[in-house]
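A closer look at the structure
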Amino acid sequence: MTGDNYYLGDNVTMHGGTNNTGMVKNAAPAAMDPELRSAIEALTTQLRHLRAEVSPLGAQTIDDSLPVLAPDAVVQPQVRTRALMAIAGVAATAGALGVPIVEAVNGILQLLGAQ
């Protein structure tokens, strides 16, 4: 088998150069689990209703988190988890109105394996 090359996964060959800082990954993101997608879509609907009932700072936190939570958003899992935690904090300050949202966030965190 001399001369045969087998590559599994990424292969990077660099010959000299300066300021080499990384590599571009062009892999397609994995499809989201349908149960997780459904839970996130339901949470998004709840958040749009909650937004009108919280302080301007809470509303801004929701606005900042929605793009990260979008099912098709390509984000690191820890970024999505941080957004969920921020939303849970806002929902917790909304009293009874926020209880279903906190429960939804906890369910999503469990689906993500972050809880």
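About the thresholds
- Residues numbered from 1 in each chain as written.
- Predicted model: local features only at pLDDT ≥ 70, side-chain atom pairs only at ≥ 80, totals over all residues.
- Heavy atoms only, no water.
- Core = buried A, V, L, I, M, F, W, Y, C linked by side-chain atoms within 4.5 Å.
- Buried < 20%, exposed > 50% of the residue type's maximum accessible area, 1.4 Å probe, protein only.
- Helix = DSSP H or I, 4+ residues; strand = E, 2+ residues; numbered from the N terminus.
- Contact = heavy atoms within 4.5 Å.
- Expected span 1.5 Å × (residues − 1).
- Arc of directions from axis to C-beta.

Topic: the nonpolar core
- Core analysis: the biggest nonpolar cluster contains 22 residues, and Leu43, Leu47, Leu69, Ile101 and Val105 have the highest contact counts within it.
- Those elements that place two or more of their residues in this core are helix H1 (34-51), helix H2 (56-69), helix H3 (77-92) and helix H4 (99-112).
- If you tally residues by element for this core, the top one is H3, at 6 residues.
- For Leu43, the residues in contact, after removing those within four places along its chain, are Leu69, Leu84, Ile101, Ala104, Val105 and Ile108.

Some details on H3
- In a regular helix each residue adds 1.5 Å, so 16 residues correspond to 22 Å; H3 covers 22 Å between its end C-alpha atoms and thus fits that length.
- Those residues of H3 that sit buried are Arg80, Ala83, Leu84, Ile87, Ala88, Val90 and Ala91. Buried positions in H3, seen along its axis, are confined to an arc of 160° and lie on one side of it. More than 90 degrees from the buried face of H3, the exposed residues found are Arg82 and Ala92.
- Buried residues in H3 make contact with H1, H2 and H4.

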